[in-house]
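What the coordinates show
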Amino acid sequence: MTDGTAEAAWVQDARAGSAAAFGRLVQMHQQALRAFLRRLCGNAADADDLAQESFVFAWEHIGRFDPARSFRPWLFGIAWRKHREGKRGWLRLLKRESAAVEGETSFAPDPGLKLDLVKAAETLPLEQRAAILLCLGAEFTHMEAAQALALPLGTVKSHVARGREKLAAMLGGSNG
Amino acid sequence: MDEPVLKNLWDADVPAADLGFVLAVMARAEQRSFRRELAATIGLAVIAAILLALVMPAMEFTWQESLAPYFSNLAILGILIGATFLLPQLLPAQD
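Describing the overall build of chain B
For chain B, the helix and strand inventory stands at 3 helices and 0 strands. Its helices and strands in sequence order give chain B the pattern α-α-α, from N to C terminus. Across the 95 residues of chain B, 7% fall into the buried class.

Observations concerning the domain arrangement of chain A
Residues and elements named next belong to chain A. In terms of domain boundaries, chain A breaks down into domain 1 (1-108) and domain 2 (109-176). Contacts between the two partners involve 14 residues from domain 1 and, on the opposite side, 14 residues from domain 2. Classifying every residue of the side of domain 1 that touches domain 2 gives 9 nonpolar, 3 polar and 2 charged.

With respect to helix 3 (residues 44-60) of chain A
A rise of 1.5 Å per residue sets the reference length of helix 3 of chain A, with its 17 residues, at 24 Å; its end C-alpha atoms lie 24 Å apart and thus fit the reference within 8%. Of all the residues in helix 3 of chain A, the buried ones are D46, A47, D48, L50, A51, Q52, S54, F55, V56, A58 and W59 of chain A.

Focus on the nonpolar core
All names here are of chain A. By size, the foremost hydrophobic cluster in this structure holds 53 residues, and its most contacted members are F36, L37, A79, A131, L134 and A145. Here this core gathers at least three residues from each of two domains, domain 1 (1-108) and domain 2 (109-176). Excluding its chain neighbours within four sequence positions, the residues that come into contact with L134 are F36, F76, F140, A145 and A148.

Digging into the interface of chain A and chain B
With 31 residues of chain A at the contact, the number on the chain B side is 22 residues. Elements that contribute at least two residues to the side of chain A that touches chain B include exactly helix 2 (19-41), helix 3, helix 6 (113-122), helix 7 (126-137) and helix 9 (153-171) of chain A. Per-element tally for the side of chain A that touches chain B: the top contributor is helix 2 of chain A, with 10 residues. A per-class count over the side of chain A that touches chain B returns 14 nonpolar, 11 polar and 6 charged.

Considering the packing of helix 2 of chain A against helix 7 of chain A
Residue and element names in this part refer to chain A. For the pair helix 2 and helix 7, the least separation of the axes is 10 Å and the interaxial angle reads 145°. The element helix 2 and its partner helix 7 pack so that their crossing is right-handed. Contact with helix 2, carried on its side by A35, F36, R39 and L40, involves R129, A130, L133, L134 and G137 of helix 7 and no other residues of that element. Classifying every residue of the contact of helix 2 with helix 7 gives 6 nonpolar, 1 polar and 2 charged.

What about unusual backbone geometry?
All names here are of chain A. Positioned with a positive phi, E139 is a non-glycine residue whose angle comes to about 55°. Considering the arrangement of structural elements, one finds E139 in the loop between helix 7 and helix 8 (142-149). In the Ramachandran plot, A150 falls in the positive-phi region, its phi being about 55° despite a non-glycine side chain. Along the polypeptide, A150 turns up in the loop between helix 8 and helix 9. Accessibility expressed as a C-beta count within 10 Å gives 10 for A150, which makes it exposed.

Observations regarding the environment of F85 of chain B
Positionally, F85 of chain B belongs in helix 3 (residues 71-90). Sequence spacing of F85 of chain B and S66 of chain B is 19 residues, and the spatial spacing of their C-alpha atoms is 27 Å.

Things to note about the packing of helix 7 of chain A against helix 8 of chain A
All names here are of chain A. Put simply, helix 7 and helix 8 touch, their axes get as near as 9 Å, and they point 135° apart. Considering the angle they form, helix 7 stands oblique to helix 8. Once helix 7 is placed against helix 8, the crossing between them reads as right-handed. Two secondary-structure elements touch here, helix 7 through E127, A130, A131, L134 and C135 and helix 8 through H142, A145, A148 and L149. The residue makeup of the contact of helix 7 with helix 8, split by class, is 7 nonpolar, 1 polar and 1 charged.

Focus on the environment of A40 of chain B
Residues and elements named next belong to chain B. By secondary structure assignment, the location of A40 is in helix 2 (residues 19-63). In this structure A40 comes out as partly exposed when scored by C-beta crowding, with 17 C-beta atoms within 10 Å. For the pair A40 and L90, spaced 50 residues apart in the sequence, the C-alpha separation amounts to 8.1 Å.

What counts and how
- Throughout this document, residue positions are counted from 1 along each chain, in the order its sequence is written.
- The naming scheme follows written order: chains are lettered A onward, ligands numbered 1 onward.
- Under the rules for a predicted model, residues below a pLDDT of 70 receive no local features and side-chain atom pairs below 80 are neither given nor counted, while totals for whole chains, interfaces and linings still include all residues.
- The helix count covers DSSP runs of H or I at least four residues long, the strand count covers runs of E at least two residues long, and both are numbered beginning at the N terminus.
- Partly exposed residues are those falling between the two cut-offs: more than 12 but fewer than 20 other C-beta atoms within 10 Å of their own, whereas 20 or more means buried and 12 or fewer means exposed, with C-beta atoms placed from the backbone.
- All the domain ranges listed were derived from an automatic or database domain assignment.
- Residues are defined as contacting one another if the C-beta atoms placed from their backbone atoms lie within 7 Å.
- In this classification, the charged set is Asp, Glu, Lys and Arg, the nonpolar set is Ala, Val, Leu, Ile, Met, Phe, Trp, Tyr, Cys and Pro, and all remaining amino acids, among them Gly, are polar.
- To estimate how far a helix should extend, the number of its residues minus one is multiplied by 1.5 Å.
- One nonpolar core equals one set of buried Ala, Val, Leu, Ile, Met, Phe, Trp, Tyr and Cys residues connected by C-beta atoms within 7 Å.
- Lines fitted to C-alpha atoms define the axes, with helix axes restricted to the stretch in contact, and inter-axis angles between N-to-C directions lie between 0 and 180 degrees.
- Throughout, a crossing is termed right-handed when the near helix is turned clockwise from the far one, and left-handed when it is turned anticlockwise from it by less than a right angle.
- Orientation categories follow fixed angle ranges, with anything under 35 degrees roughly parallel, anything over 145 roughly antiparallel, 65 to 115 roughly perpendicular, and all other angles oblique.

Listed below in structure tokens is the structure:
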């Protein structure tokens, strides 16, 4: 059974109420979603919390998911919206500040070029960064990224092209 | 800097597969479901108690002669039966 057919079967079972099937979906997508959110948030603890929230939301609303479509963009779309809402939420800001006070370590990438990449990506506008992270970091197609971000396909293509140019320009010096 | 280089740099940041994360997600979902059911049950009980308090004087007047000694027992029984049968109808269907 390929990943795609297995996923379709798990989605169907999860829609019928199977927590075990949904657990398999979580297992299948957790790494990619957590990586995406870590790059977007820049903080591992916040990102994992957000990833859990996204999965729980997906479980509670999986009845609304159209099985004719791909599960991954739908899931990442939930995470993206939650991240955007969270950036505006005062409670998350408060939690982030209290975590900083408690000395929690933030996501620390390896030094060198990778650090430059993280810093460079942080300078991109949020939507552009998300498009770049999905298309280059999570191997989404432009169409999948457009679904996840709820943006027109042309906008996503433009975000990816411009973002890539900016990253290349910023990292050009680091890369020699 | 080309696309494969960017991909390789980001690929190095992918967290390891973590069964604990899966369990934490499912536990959080269960906790939320339990809290929602608890809130619905408490809400239902409060509504039932208010309704009971409103209709009790009339019921006492009507049943004073026959059922008065058993009224409190019957009321509790009624609430329990009502909650048992009504609660699944009131809760949103599990998708």
